[in-house]
Each structure stands twice: as structure tokens, then as C-alpha cells.
Amino acid sequence: MRNARVWAGLLGVKEAIFEDVSVEEDEDGDAAAIVVSVRVRRRDGGRCGICRRRGPGYDRGEGRRRWRALDLGTIRSFVEAEAPRVRCGAHGVVVAWVPWARHGARSTRSFDDTAAWLVAHTAKSTLVALLRISWRTVGRIITRVSTEAEASRDGFAGLRRIGIDEISYKRGHRYLTVVVDHDSGRLVWIAIGRDEATLHSFFDRLGAERCLAITLVSADAAAWIANVVAERCPHATICMDPFHVCQWASRALDEVRREVWNAARRNGQRAIAIELKGARFALWKNPEDLTERQQDKLALIEKTNHRLYRAYLLKEQLRQVFQLRGSAGIRLLDHWLAWARRCRIPAFVKVAASITATRSAIDAGLLHQLSNARVESVNTRLRLLTRIAFGFRSAPALIALAMLSLGGLCPPLPGRS
Ligand SMILES: [Zn+2]
């Protein structure tokens, strides 16, 4: 009996009845795999693998089946058991539920949970080597783990202030809609698509009562966000995300730099062209982060290229607006707009027009002083995850990876909870 418990414990199948253990050898006679045979307890048997409701037995299915378990030391190990099918009133003929593995899994719960924990805590190459599985398999495992965890918790409790954003996850304009909780910095929800229907499905999940509790929504100037928020969250104020406004200015500055650079090249001013090409980062970075070399570059631009330097100052002063925030920020923005409208740099005249068009949301953002640092940090990490998830070739696996890593869905390591 003690032996049985040890074997069951080793493979994480304590809820099953131990039958036998065998060691399979390779051609050299070394142990290649440990196979622990178990059977389901009577009270756990004959249940639908999806909903766990009891149903009449259907057939033996594919007979005995193996589930990959965590290695024992250096040896691969497996749980083996019958996998009969039952007829469920809701789900039809399905493989019966087993306590040691999720439905449809070829590996045990503790194996899957370990993979999910590792995916959120370590590098891809480490995980793949340690568990001896392919990255595509990891994608399937974490999709299962995340879906189950999502269904068993209420991830939307206490939401008041949220940030809604979109990030591209694949070439060819594939986008994800992302919802972040401003107060906890947690990724709350993520889905494929960036349109009104996608966002409506978030508010459907949130439910009418909790939609009423949403007070602030930070977002970019996208109409699809504004429209849906106005319809679903009557008490919410939309705050323009300062990051996006600053991005408009950075893009405008880059446009000016390219114009000046092209003009220099056309006029045969090679030295100036090279200088400007290298100045990209000096213009982009915040002045306090500039290296000495970059400071010199900027000083040179100030002397030799007034137009580009004015564009730089426009970008910088707009950044100041969002550093200052509050009513002082709003006053500075008034000055900035007056300046930008008559600066005769078309790229910035356009930024001024965009700001004027979304002024109320920008002012709300300045007044409510919603710190976007957390939302930005989630977005930065999400961009990294989209690259890591590329090898999954599965959007649901990318979403699972995001929710495990940033949404608080990561299970504890088996045996440590
Ligand atoms: Zn069922």
C-alpha cells in the first residue's frame, strides 16, 4: 500500500487506484520508460470528459492509453489506464473524465501545469530541453491550461479603470485587442481582432452591472473603441492615452527628418545627409537620456538645420505637456497648439489637427492623471510574447501565453501550492 501511494504520488495520480508499475528497457537493457498503470475510482468513473456529469457507458474507446507524466529522475514516465467512452446528454459520445489529465490531453495535469509554469518563468529553449517536447506541443498544452484556469476564476472583479489597446501580432494586419487593469497592471482580457464586435464581446463577458462600474477608459483615438465604450459604459470617461499622442509627434518628427535628409541628398550635401541619418536616435530619445555624442548631434542640428530643430522642440514640448499633466498641462497644451498650428511644418500642423479633434479625451487624460506606465509595460511585454509565440502557429496559444504570463493565470508548480 505504501508503495502504491509513493508511485501514485511520484506521477501525480493520487486520486486514482494504483495497479502496477513496469520498467521498459531500451535495446541496451537500460531503463527507457517507467509505466504506472492505474484505474479510475468507482465514484470518478463514467463521467463526461468535458462537463463531468455522469452518463451511460458507450464503448472501450481506443482501449488502454498512455499519458506522458513528469520524468522520474532522468527517465521518461507514463500513466497508463483504460480510456472508455461515455454518452453525455450535452456533449454526445466523449472519452470519460480522468482525474489525472485534462480532457483531450496526452499528458498529465502535473506535466501540463509544469509546462505552463515554465512558459511563464523561463526561456523557450530551456523548457523544450527540460520537458523534451516540441514548442507546438507547448502551445497546445498552455491553451488547455489557460482555458481551464480562465473558466474557473472571476478575472473581472473590481474593475474600475481600464486601458484598451491594440497590438499587431502577425504581418498582414492581424491585431489583438488588449484590456489592462490600470490599478493592478494586470492583463485582463485579450482577443483576436480590433473592431467593435471584438470589443463588444469583452463587455458582454463583463456583464451590464460591471460595465456600469467602469469609470475611466484610456485608449488611443480609435473610433471603434470610443463608440463601443460610449454605448456599453455610460459612466466611463475616455482618456486619451498620452503615449499615443507623443507617438504622433515622434512620427511627425521622423517625417521632417526624412524630408530634410532627402533634400540634402538631392542637393548633393552628402556630409549633412550622413549626419542626419545618424541623428535619428538623438532626435527620438528624451533629452535626459542622450549620450554625449547624441547631444553633440543635436547641437549640430540646432546650428545647421532650423526646421528640423524646430520640429524637435515641438515634439519635446508636447512630451512636457504630458509630464506636467493636470491643469498646468492643459494650459501648456493650449500654447503648444497655437505654436504648432502656425509652425508651417505640415507634419506638425496635422498633429495639431488630430489633437484638436480629440481634445476632450486628451484633457480628460491630463486631468485624471491616469498613469500609463503599467499599461505600457504590459504592451511592451506583450510585443515580446508575440515573437516568442510565433512558433506556436496558433493564435489561441499566443493568447494563452499572454494570460499565463501577464494575466495571473499561471498555475503553481505541482506539489508546491
Ligand atoms: Zn458532458
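The residue numbers shown here count from 1 along each chain, following its written sequence. The model is predicted, so local features are restricted to residues of pLDDT at least 70 and side-chain atom pairs to those at 80 or more, both for listing and for counting; the totals for chains, interfaces and linings are taken over all residues.

Asker: So, the environment of Ala361: which residues are in play, and what are the values?
Answerer: Secondary structure is summarised from DSSP: a helix means a run of H or I of at least four residues, a strand means a run of E of at least two, and numbering begins at the N terminus for each. Within the element layout of this structure, Ala361 appears in helix H15 (residues 359-368). Separated by 124 residues in sequence, Ala361 and Thr237 have C-alpha atoms that sit 7.8 Å apart. This entry defines residue contacts through backbone-placed C-beta atoms, with two residues in contact when those atoms are within 7 Å. Non-local contacts of Ala361, meaning those with residues more than four positions away in its chain, are made with Ile238, Cys239 and Met240.

Asker: Could you give an account of the sheet that holds strand S10 (residues 187-192), naming the residues involved and the relevant values?
Answerer: Read from one edge to the other, the open sheet built from 5 strands follows the order S10-S9-S8-S11-S12, with strand pairing classed as mixed. Of all the strands in the sheet, just S10 and strand S12 (237-240) have a single pairing partner and so form its edges. On average, adjacent strands in this sheet sit at an angle of 25° to one another, irrespective of strand direction. Two strands are said to pair when DSSP picks up at least two bridges between them. Where strand S9 (residues 174-181) meets S10, 5 bridges bridge the pair, whose relative direction is antiparallel. Bridging across to S10, Val180 finds its partner in Leu187. Those strands touched by helix H5 (residues 196-206) are S9 and S10, and its axis lies near 140° from that of S10. Working convention: axes come from line fits to C-alpha atoms, limited for helices to the stretch in contact. Angles between N-to-C directions cover 0 to 180 degrees. Helix H17 (residues 395-406) rests against strand S8 (161-170) and S10 of the sheet, and its axis sits at about 175° to S10.

Asker: Describe the sheet that holds strand S1 (residues 17-25), naming the residues involved and giving the relevant values.
Answerer: Two pairing modes exist for strands in a sheet, parallel and antiparallel, and in both the strands are linked by backbone hydrogen bonds. The strand order across the open sheet built from 4 strands is S1-S2-S5-S4, with neighbouring strands paired in mixed fashion. The open sheet has two edge strands with one neighbour each: S1 and strand S4 (64-72). Strand-to-strand, the axes of this sheet are offset by a mean angle of 25°, without reference to chain direction. Across 7 bridges, the pairing between S4 and strand S5 (residues 75-82) is antiparallel. Across the sheet, residue Ala69 finds its bridge partner in S5, namely Ser77.

Asker: Go over the environment of Leu199, please, and point to the residues and values.
Answerer: Within the secondary structure layout, Leu199 lies in helix H5. For every residue, the other C-beta atoms within 10 Å of its own C-beta are counted; 20 or more classify it as buried, 12 or fewer as exposed, and values in between as partly exposed. C-beta atoms are placed from the backbone. Since 26 C-beta atoms lie within 10 Å of it, Leu199 is described here as buried. Taking the C-alpha atoms as reference points, Leu199 and Leu409, 210 residues apart in sequence, are found 21 Å from one another. Those residues in contact with Leu199 that sit more than four places away from it in its chain are Thr177, Trp224, Ile225 and Val228.

Asker: Before we move on, can you summarise the domain arrangement of the chain with the specific residues and values?
Answerer: For the domain bounds, the source is a domain assignment made automatically or taken from a database. In terms of domain boundaries, the chain breaks down into domain 1 (1-104), domain 2 (108-240 + 371-417) and domain 3 (242-368). Top element by residues in the side of domain 1 that touches domain 2 is S4. It accounts for 4 residues. The class makeup of the residues in the side of domain 1 that touches domain 2 is 8 nonpolar, 1 polar and 2 charged. Note on residue classes: Ala, Val, Leu, Ile, Met, Phe, Trp, Tyr, Cys and Pro are nonpolar, Asp, Glu, Lys and Arg are charged, and everything else, Gly too, is polar.

Asker: Go over unusual backbone geometry, please, and point to the residues and values.
Answerer: Positive phi, close to 55°, is recorded for Arg132, a residue that is not glycine. With respect to the helices and strands, Arg132 occurs in the loop between helix H3 (124-131) and helix H4 (135-151). One non-glycine residue, Arg393, lies in the positive phi region at around 50°. Looking at the element boundaries, Arg393 is found in the loop between helix H16 (373-388) and H17. Among the residues examined, Arg393 registers 11 C-beta atoms within 10 Å and is labelled exposed.

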